[in-house]
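# Notes for the structure review
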Amino acid sequence: MKSELSATPDRQTVTPQGQLVQTLIDGVKVRLAVTHPDERGDLCEVYSTAWDFDDGPMVYAYFASIRPGQTKGWVKHLLQTDRLFMAVGSFRVALYDDRPDSPTYQKLNVLYFSDRKRGLVRIPAGVFHAVQNVGHVDASFINHPTRAYNHAQPDKYRLPLDTPLIPFSFAPTLGG
């Protein structure tokens, strides 16, 4: 018997080998981290120049946390590339290409990370990004931008989370 409810089928998000199906915004890179557990605890590498992940200098790093259900963003930089390492908690990272000369202009990417899927994300200048904690405890990440923070003239350009300029909604995700 055919149902009268109109259901939408799931779409493929990963290959059988676990690789993302979505095409990333030009210049965005993702490197999933490997966690090495033993009887003493865990070790997880955050960043190494040996990975050839990014050729920008390592000049500055900071640690940030996000409360459950909260979002940091939308923000873009004109001068620096961000390199976010999603360390602890559950994250939804939304990226929007605002570079008119980019081959992926106006493309949106949404990425997920957690304690079981840590990763490093390279976000080039000109790409708006926002990080949402979709878990029930504080989530923490480390940023290694290619430029040190300039307190007198921050390289940060913001849009409100509910901007109509980016086709994405940060609907509540806790408890659902």
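Right, let's walk through the structure included here.

Reading the values: rules and limits
Residues numbered from 1 in each chain as written. Predicted model: local features only at pLDDT ≥ 70, side-chain atom pairs only at ≥ 80, totals over all residues. Heavy atoms only, no water. Phe/Tyr/Trp six-rings, centres within 6.5 Å; stacked < 30°, edge-to-face > 60°. Buried < 20%, exposed > 50% of the residue type's maximum accessible area, 1.4 Å probe, protein only. Lys NZ or Arg CZ within 6 Å of the ring centre and 35° of its normal. Helix = DSSP H or I, 4+ residues; strand = E, 2+ residues; numbered from the N terminus. Core = buried A, V, L, I, M, F, W, Y, C linked by side-chain atoms within 4.5 Å. Contact = heavy atoms within 4.5 Å. Pairing = 2+ DSSP bridges. Axes fitted to C-alpha atoms, helices over the stretch in contact; angles between N-to-C directions. Salt bridge = Lys/Arg side-chain N within 4 Å of Asp/Glu carboxyl O.

### A short note on the packing of aromatic side chains
Evaluated as defined, the whole model comprises 5 aromatic pairs. Ring centres of Tyr 47 and Trp 51 lie 6.3 Å apart, and the angle between their planes is 65°; this geometry places the pair in the edge-to-face category. Note on Phe 168 and Phe 170: the rings are 4.8 Å apart at their centroids and 75° apart in plane angle, and the pair reads as edge-to-face. You can call Phe 168 buried: its relative accessible area is 17%. Look at Phe 170 and you get buried, because its relative accessible area is 15%. Three or more aromatic residues link up through ring pairs in this structure, and these residues are Trp 74, Phe 168 and Phe 170. Against the face of Phe 53 rests Lys 29, its NZ or CZ located 5.8 Å from the ring centre. Sitting over the ring of Trp 51, Arg 31 keeps its end group 3.6 Å from the ring centre.

### Notes on the environment of Pro 68
Topologically, Pro 68 is positioned in the loop between strand E4 (62-66) and strand E5 (71-76). With 13 residues separating them along the chain, Pro 68 and Thr 81 place their C-alpha atoms 26 Å apart.

### Remarks on the nonpolar core
Counting residues in each nonpolar core, the largest one holds 17 residues, and the members touching the most others are Met 86, Phe 91, Val 93, Leu 95, Phe 113, Val 131 and Phe 141. Elements that contribute at least two residues to this core include exactly E4, strand E6 (82-88), strand E7 (91-97), strand E8 (108-113), strand E9 (119-123), strand E10 (127-133) and strand E11 (139-143). Ignoring anything within four residues of it in the chain, the contact list for Val 131 reads Ile 66, Gln 70, Thr 71, Lys 72, Leu 84, Met 86, Phe 91, Arg 92, Val 93 and Phe 141. Ala 94, Ala 130, Leu 159 and Phe 170 belong to the second-largest nonpolar core, a separate cluster that totals 9 residues.

### What to know about the sheet that holds E7
The 5 strands lie next to each other as E8-E7-E10-E5-E12, forming an open sheet whose pairing is antiparallel. Where the open sheet ends on each side, the last strands, each with one partner, are E8 and strand E12 (157-158). Relative to E10, E5 runs antiparallel, the two sharing 3 bridges. Each residue of the ladder has a partner; that of Thr 71, found in E10, is Gln 132.

### As for the sheet that holds E4
With antiparallel pairing, 5 strands are arranged side by side in an open sheet as E1-E9-E6-E11-E4. The sheet terminates laterally at strand E1 (29-32) and E4, the two strands that pair on one side only. The mean inter-strand angle of the sheet, taken between neighbouring strand axes irrespective of direction, is 20°. Alignment of E1 against E9, held across 4 bridges, turns out to be antiparallel.

### What to know about the pattern of salt bridges
In the structure shown here, the tally under the stated rule is 6 salt bridges. Of the charged contacts in the structure, one is a salt bridge between Asp 138 and Arg 67, with a shortest N-O distance of 2.5 Å. Placement of Asp 138 in the loop between E10 and E11 and of Arg 67 in the loop between E4 and E5 is noted, with a sequence separation of 71 residues between them. Overall, the relative accessible area of 33% leaves Asp 138 in the partly exposed class. Notably, a salt bridge pairs Arg 99 with Asp 97, separated by 2.8 Å at the nearest N-O pair. A network of salt bridges, in which partner residues are shared, links Asp 54, Arg 83 and Arg 122.

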